[in-house]
Amino acid sequence: MTETVGVILAGGLSRRFGSPKAFAQLGDLKFYEIAIKALTAQCDEIIIVTRPELVKDFQTDAHVIIDKTEYAGRGPLAGILSAIEFVQADRYIVLPCDMPYVSEAVIGKLETFHEKDITAVILEGRAHPLVSIWDSHLKSELQKALNNNQLSVMKLLAESEATWIEGSSLTDGERLVFTNMNTPDELERG
Ligand SMILES: Nc1nc2c(ncn2[C@@H]2O[C@H](COP(=O)(O)OP(=O)(O)OP(=O)(O)O)[C@@H](O)[C@H]2O)c(=O)[nH]1
């Protein structure tokens, strides 16, 4: 069985950004390519979970799938569950597609903190629930949540007693990674 699968969430609407964030560019690479690069060393397989109209635009050897029909358009939890249902693994390292400073070193460091269930990051009181590691048994919790129309990632993490990696465990450079680019202005400012 596959041990670790990387999951890149790219099924959002990018309304604030104005165009699909996965294809925004920093330097020579598109955001989704940066996420793939960060995950490759730690993952046996990588899955991008996106919207049907965007599938053809990803140029990669990674799997590119869409949210399962019954969860489509229901947010990040739908993307995570669709990936877990697509390939069985021990654990899943999840990343949003809008963190262009993410690096292999930081993903490796997060893995060292993961013991069981879910591990995510909280910096200066701000949670980053989509930079997270999920054990496979969370699949049933995800199914339950989505079936109950409970779409909040934070609520699911609270109910699952996630382990939170705090900023004090990370260097200044590592903390910088947790910068999401929600608008073109944010990307321009860097
Ligand atoms: N697969 C999947 N990913 C999603 C879904 N909704 C959001 N995401 C991803 O989750 C991450 C965080 O999404 P947000 O930035 O909060 O939402 P967004 O829709 O991309 O952007 P806004 O429209 O500006 O809110 C991004 O990587 C999104 O692509 C979804 O329904 N399915």
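Just so it is clear, the structure is predicted and the values come from calculations on it, not from any experiment. Counting starts from 1 at the beginning of each chain's written sequence and moves along it residue by residue. It should be noted that, the model being predicted, local features are given only for residues of pLDDT at least 70 and side-chain atom pairs only at 80 or more, the latter also being counted only at that level, while totals for whole chains, interfaces and linings use all residues.

Helix and strand counts for the protein come out as 7 helices and 9 strands. Computation of the radius of gyration draws on C-alpha atoms, with the globule rule given as 2.2 Å multiplied by the number of residues to the power 0.38. Relative to its length of 190 residues, the protein is compact, with a C-alpha radius of gyration of 15 Å against a globular reference of 16 Å. Projected onto the principal axes, the alpha-carbon positions of the protein cover approximately 40 × 40 × 30 Å. Around each residue's C-beta, the other C-beta atoms within 10 Å are counted; 20 or more make the residue buried, 12 or fewer make it exposed, and counts in between make it partly exposed. All C-beta atoms are placed from the backbone. Looking at the protein as a whole, 40% of its 190 residues are labelled buried. Here the contacts in the protein between residues at least 6 apart in sequence split such that 70% fall between residues at least 24 apart. For the purposes of this entry, the term helix denotes a DSSP run of H or I that reaches at least four residues, the term strand denotes a run of E that reaches at least two, and both are numbered from the N terminus. In this description, a residue-residue contact is defined by the distance between C-beta atoms placed from the backbone, which must lie within 7 Å.

This part takes up the UniProt feature "binding site: GTP" (unreviewed entry) in the protein. UniProt positions are given in the numbering used here, feature names are shortened, and annotations may be inferred rather than shown by experiment. Following the UniProt record, one finds the feature "binding site: GTP" (unreviewed entry) at L9, A10, G11, K21, D67 and D98. Relative to the assigned elements, A10 resides in strand β1 (residues 2-10). Dropping the residues within four chain positions of it, A10 is found in contact with A22, Y32, I48, V49, T50 and C97. You can see G11 is positioned in the loop between β1 and β2 (25-26).

This part covers the site of the ligand. Only the C-beta atom, placed from the backbone, is used; a residue is near a molecule or strand if that atom lies within 6 Å of it. Neighbouring residues of the ligand: 23 residues in total, closest G11, G12, R15, G79 and P96. For the shell around the ligand, the secondary structure elements donating two or more residues are β1 and α2 (76-86). For the shell around the ligand, the leading source of residues is α2, giving 3 residues. Tallied by class, the residues present in the shell around the ligand amount to 10 nonpolar, 7 polar and 6 charged. Gly falls in the polar group here, along with every residue not listed as nonpolar (Ala, Val, Leu, Ile, Met, Phe, Trp, Tyr, Cys, Pro) or charged (Asp, Glu, Lys, Arg).

Of all the 10 residues making up helix α1 (residues 31-40), 7 are buried; the element is thus mostly covered by neighbouring parts of the structure. Buried within α1 we find F31, Y32, I34, A35, I36, A38 and L39.

Listed under "binding site: Mg(2+)" (unreviewed entry) in the UniProt record, and renumbered for this structure, are D98. Along the chain, D98 turns up in the loop between β6 (89-96) and α3 (104-113). Assessed through the 25 C-beta atoms surrounding it within 10 Å, D98 is described here as buried. Apart from residues lying up to four places away in sequence, D98 is in contact with K21, F31, N180, M181 and N182.

Next up on the list: the nonpolar core. Here, a nonpolar core means buried Ala, Val, Leu, Ile, Met, Phe, Trp, Tyr and Cys residues linked by C-beta atoms lying within 7 Å of one another. Judged by nonpolar contacts, the single largest core of 57 residues is most densely connected at V7, I8, A35, I80 and Y92. For this core, the element with the highest residue contribution is α1, accounting for 7 residues. Setting aside residues no more than four positions away along its own chain, I80 makes contact with V7, Y92, V94, W134 and L142.

Positionally, V7 belongs in strand β1. Look at V7 and you get buried, because 31 C-beta atoms sit within 10 Å. Along the primary structure V7 and I93 are separated by 86 residues, whereas in three dimensions their C-alpha atoms are 5.9 Å apart. Excluding residues that lie within four positions of it along the chain, V7 makes contacts with I47, V49, I80, A83, Y92, I93 and V94.

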